[in-house]
Amino acid sequence: MTQYVYAFSEGSKEQKELLGGKGANLAEMTKLGLPVPPGFTITTEACRSYLAAGTEPGELRVQLTMALRRLEDDLGRRLGDRHDPLLVSVRSGAMHSMPGMMETVLNVGLNDASVKGLAEESGDERFAWDSYRRLLQMFGKTVLEIDGEVFSNALDEAKSAQGVATDVELNVDSLKGLVSTFKAVILEHSGDEFPQHPREQLDMAIRAVFDSWNTERARLYRRRERIPQDLGTAVNICTMVFGNLGETSGTGVAFTRDPASGHSGVYGDYLVNAQGEDVVAGIRNTLSLADLKDLDPSSYKQLLQVMRRLETHYRDLCDIEFTIERSKLWMLQTRVGKRTAAAAFRIATQLVDENLITMDEALQRVDGAQLAQLMFPRFDAAAEKTRLGKGMAASPGAATGQIVFSSKAAEKAAAEGQAVILVRKETNPDDLGGMIASQGVLTSRGGKTSHAAVVARGMGKTCVCGFAELDVNSAAGTATVNGEVLREGDMISIDGSTGEVFAGEVPVVSSPVATYLESGLDEALKDTDPDTGELVRSVDRLLTHADSIRRLRVRTNADNAEDAARARHLGAQGIGLCRTEHMFLGDRRVLIERLILASGSEERQAVYDELLPLQRQDFVELLTAMNDLPVTIRLLDPPLHEFLPDRTELSVKVALDRAAGNPDPDEERLLAAVDKLHESNPMLGLRGVRLGLVLPGLFALQVRAISEAAAGLKAQGGNPQVEIMVPLVGSVMELFLIRDEADQILATVAQEQGVELDIPIGTMIELPRAALTAARVAEAAQFFSFGTNDLTQTTWGFSRDDVEGGFFATYLDRGVFMVSPFESLDVDGVGRLIRIAATDGRKRRPDLKLGVCGEHGGDPDSIHFFHQVGIDYVSCSPFRVPIARLEAGRAAV
Ligand code: ADP
Ligand code: MG
Ligand code: MG
């Protein structure tokens with residue numbers, strides 16, 4: 001028999017999956033002997049079974065009856081009895097907290113008869129009728145799905161009829177009248193009388209909680225928060241305690257420390273003579289807990305004791321809900337509380353200092369995403385600001401610039417060196433150029449998976465989306481927000497970390513954590529306030545600890561000395577990917593044009609002779625910046641056409657010149673070459689190792705430049721640690737062919753310069769075939785570096801450049817994946833290939849070094865996977881190096 005019902009005294013905080021977060025923690029508090037009103041929890045399994053079958057399992061009905069009977073016996077009261085009735089709350093509570101998404105009904109069990117019993121037993125008629133009208137209101141709204149406004153309007157009318165401002169002032173007669181009104185509303189809107197039978201109320205409320213799992217807004221919330229859709233919710237049946245029993249009663253919420261700063265102390269709100277949701281609903285002004293101390297010192301003292309008990313037991317910041325009924329304290333909820341990124345770091349080290357947790361545990365209390373948040377520049381808190389409103393925080397950062405309404409305008413302004421914010425209703429793939437040109441993007445429509453949001457996050461660009469108050473009229477070149485008209489060229493500031501939008505230019509300051517990471521602790525602690533100092537020290541302690549326990553090394557992707565030096569400051573232990581294509585751009589593009597147009601080996605050699613000293617110098621600078629640390633240089637990867645003019649533009653030019661009667665022979669030759677190199681699928685075409693094999697001398701040039709740079713530095717006493725990496729290998733044969741040539745060059749250069757050169761040659765694994773034949777590939781490769789961007793493209797068969805702003809929004813929305821596989825590694829598919837390649841490669845060559853380059857090297861979830869499969873190092877952009885260090889440490893705990 002499946003157990004669908006657990007008494008609070010049976011469960012524990014470990015059982016969140018089965019009992020939901022609320023139920024598991026109510027059970028834990030009961031176990032601790034804290035004052036929790038007795039009750040029981042219906043499992044998430046019962047909910048799943050109900051949702052699948054459309055009706056509750058028969059066993060559930062029986063177990064519910066038994067649990068209720070036991071509760072009644074324990075308390076000596078019957079649910080909804082006409083004398084001294086037992087009343088309960090019916091509360092949703094899923095495994096993951098989904099604030100405000102699902103339903104709760106209080107005072108279940110009240111009816112026309114039991115309301116009188118409650119009045120008599122409590123000696124407070126007003127309280128009884130207030131509780132009844134609350135039940136009718138909540139039941140009508142959440143169980144019978146009647147528009148809540150109908151009830152709140154009637155409540156307002158009753159207040160004005162009696163001439164009072166707040167609902168606590170309503171007298172018994174008004175409340176009795178309101179009960180009649182609410183019952184009439186229910187009959188009118190639902191077609192049925194309000195159910196008088198207590199058990200019928202209970203069953204209906206339970207079903208409503210089950211059903212609330214699948215409301216549109218709950219589904220939407222879960223999609224956004226990446227919570228699976230099939231978990232279901234638990235339902236908690238909890239004996240009512242009453243905060244609305246006069247002046248010695250009340251209800252409140254509290255944190256065991258400040259969730260914003262992390263400082264210990266007592267933070268919370270209290271409302272006298274109120275029930276449940278009145279506190280959050282903001283219908284009356286709340287008191288602080290300090291006021292409670294004056295009102296009811298003994299309850300206050302007990303509350304402090306309970307809070308201390310919870311902190312030492314959970315060993316973390318907790319938030320709580322409590323009610324005081326006639327000076328008796330009751331605990332109604334607790335959980336480990338949400339907190340800001342800064343508070344997370346502070347609290348983690350505070351708890352270490354209080355001997356509640358170890359450094360290893362502290363590391364589990366923070367994550368890379370939080371560290372990233374702390375690194376972004378931010379708006380100066382002290383600056384004066386005009387706040388226009390708030391949209392969705394889609395991609396963090398603080399951006400300020402002139403408003404532009406089109407991508408064209410953005411590109412034009414950026415070309416003139418102006419900072420702009422692209423403001424649109426929504427963006428589409430045509431806006432890519434405009435987004436790149438802007439400091440940030442602001443849209444009035446769309447959520448966190450809209451095109452703007454997905455693309456901006458991918459580019460690391462600040463973005464606020466779904467700012468609904470903003471009415472964008474791009475044709476007119478204006479946008480209106482709450483009556484204020486903004487025009488093209490006006491300054492605007494957007495905060496992608498909070499979603500806030502400000503008029504004008506808000507000054508930006510760099511974050512103290514970024515200063516610490518780039519320039520060290522001393523620099524960051526110069527003239528900071530104590531709070532900031534504490535934060536920076538916490539980050540330092542946790543990062544240092546992560547460094548001391550992690551097995552994964554962290555390298556960076558960098559193509560020039562400047563980036564390399566910056567990354568080194570941020571803790572990079574070498575370069576995992578140096579892309580050489582940038583060394584062929586700019587002034588050197590003409591050389592590549594000549595190379596492509598060359599008619600024979602002599603002409604080609606002439607170009608190589610010009611390129612060699614330039615390339616050598618590039619490598620000298622890079623290797624100097626990374627002296628003593630490994631530097632992996634990738635031979636040329638992209639298709640050649642990327643170095644040539646745009647095909648369409650060139651065709652038009654040639655056609656125009658021809659039509660005008662003066663064709664340009666150079667242009668004609670160039671166009672012929674462009675036509676010849678044109679591929680309909682260039683990413684799957686002539687690139688990488690294929691290029692090296694087809695275009696004689698190209699890879700040889702690069703290998704020579706690299707080895708000469710290394711030899712020269714070595715001769716001067718330097719310690720260059722260079723590695724050569726061949727891209728896009730699919731067959732070991734390709735690699736053998738390149739190696740034959742490369743090994744010869746290395747030997748020649750070593751001899752010429754009279755130094756010993758130890759330059760390992762390895763390959764990228766970015767084609768499924770390379771992964772599947774890794775045992776063979778390892779015969780020729782001294783290391784593997786997983787190029788997870790291309791490996792994802794080639795495994796899924798979709799082109800990143802085309803799909804991320806395209807159909808991915810739909811795929812995310814419809815749950816094909818929870819997160820773009822370009823952002824976080826697809827462990828089941830691409831991850832499987834990595835596992836195979838790692839295992840097979842090491843079987844053939846036990847000392848095979850394994851690295852990862854590509855976006856995933858800096859992604860927290862992916863890093864944990866790389867740790868598990870035994871990768872030696874990850875490589876990521878300089879900015880993400882500290883994040884990778886932290887996550888690699890967390891993975892090793
Ligand atoms: P939510 O998850 O939205 O916070 P809850 O189930 O916690 O919903 O309940 C809503 C409000 O009702 C909370 O303020 C809670 O403290 C209060 N509440 C719930 N059950 C009881 C009860 N048995 N007695 C008194 N107040 C209750
Ligand atoms: Mg609650
Ligand atoms: Mg690649």
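Residues numbered from 1 in each chain as written. Chains lettered and ligands numbered in written order. Predicted model: local features only at pLDDT ≥ 70, side-chain atom pairs only at ≥ 80, totals over all residues.

## Examining the nonpolar core
Ranked by size, the top nonpolar core spans 255 residues in total, and within it V90, V464 and V874 carry the most contacts. For V90, the contacting residues outside a window of four places in its chain are T104, V105, V108, L202, A205, I206, V209, V235 and I237. (Core = buried A, V, L, I, M, F, W, Y, C linked by C-beta atoms within 7 Å. Buried ≥ 20, exposed ≤ 12 C-beta atoms within 10 Å, placed from the backbone. Contact = placed C-beta atoms within 7 Å.)

## So, the UniProt feature "domain: Pyruvate phosphate dikinase AMP/ATP-binding" (unreviewed entry) in the chain
In the numbering adopted here, UniProt assigns the feature "domain: Pyruvate phosphate dikinase AMP/ATP-binding" (unreviewed entry) to residues 17–53, 60–285 and 294–347. This span, residues 17–53, is 68% helix and 11% strand, and a straight line between its end C-alpha atoms measures 20 Å. For the annotated span residues 294–347, helix accounts for 50% and strand for 31% of the residues, and the straight-line distance between the end C-alpha atoms is 29 Å. (UniProt positions renumbered as here; feature names shortened; annotations may be inferred. Helix = DSSP H or I, 4+ residues; strand = E, 2+ residues; numbered from the N terminus.)

## Observations regarding the site of ligand 1
In the vicinity of ligand 1 lie 15 residues, with S89, R91, T104, G276 and E321 positioned nearest. Among the secondary structure elements, those contributing two or more residues to the shell around ligand 1 are β3 (88–94), β4 (104–108), β5 (233–239), β9 (318–325) and β10 (328–336). Grouping the constituent residues of the shell around ligand 1 by class yields six nonpolar, six polar and three charged. (Near = placed C-beta within 6 Å. Nonpolar A, V, L, I, M, F, W, Y, C, P; charged D, E, K, R; others polar.)

## Some points on the environment of A774
Looking at the secondary structure, you find A774 in helix α31 (residues 774–780). By C-beta crowding, A774 is classed as buried, having 27 other C-beta atoms within 10 Å. A sequence separation of 194 residues divides A774 from T580, and the C-alpha atoms of the two residues are 25 Å apart. When residues no more than four places from it in sequence are discounted, the contact partners of A774 are I765, I836, A837, D840 and G841.

## A look at helix α24 (residues 601–625)
One full turn of an α-helix is made of 3.6 residues, so residues set three or four places apart face in the same direction. Compared with the 36 Å implied by 1.5 Å per residue over 25 residues, the 35 Å span of α24 between its first and last C-alpha is a close match. Along α24, the sharpest change in direction is near 30 degrees and occurs at L611; proline P613 comes one to four residues later. Within α24 the residues assigned to the buried category are R604, V607, Y608, L611, Q615, D618, F619, V620, L622, L623 and A625. Tucked inside the fold, the buried residues of α24 contact α22 (561–569), β25 (575–579), α23 (589–597), β26 (630–634), α28 (698–715) and β27 (721–726). (Expected span 1.5 Å × (residues − 1). Bend = angle between axes of the 7 residues up to and from the residue.)

## Here's the deal with the sheet that holds strand β14 (residues 398–404)
Here eight strands make up an open sheet; going across it, the order is β12-β22-β21-β14-β15-β16-β17-β13 and the pairing mixed. Because the sheet does not close on itself, it has two edges, and the strands there are β12 (386–390) and β13 (392–395). Averaged over neighbouring strand pairs, the angle between their axes works out to 30 degrees when direction is ignored. Examined bridge by bridge, strand β16 (residues 440–443) and strand β17 (residues 462–465) share three bridges and lie parallel to one another. Bridge assignment links L442 to a residue of β17, and that residue is V464. On top of the sheet, helix α16 (residues 407–415) reaches β14 and β15 (420–424); it is set at about 180 degrees to β15, its chief contact. (Pairing = 2+ DSSP bridges. Axes fitted to C-alpha atoms, helices over the stretch in contact; angles between N-to-C directions.)

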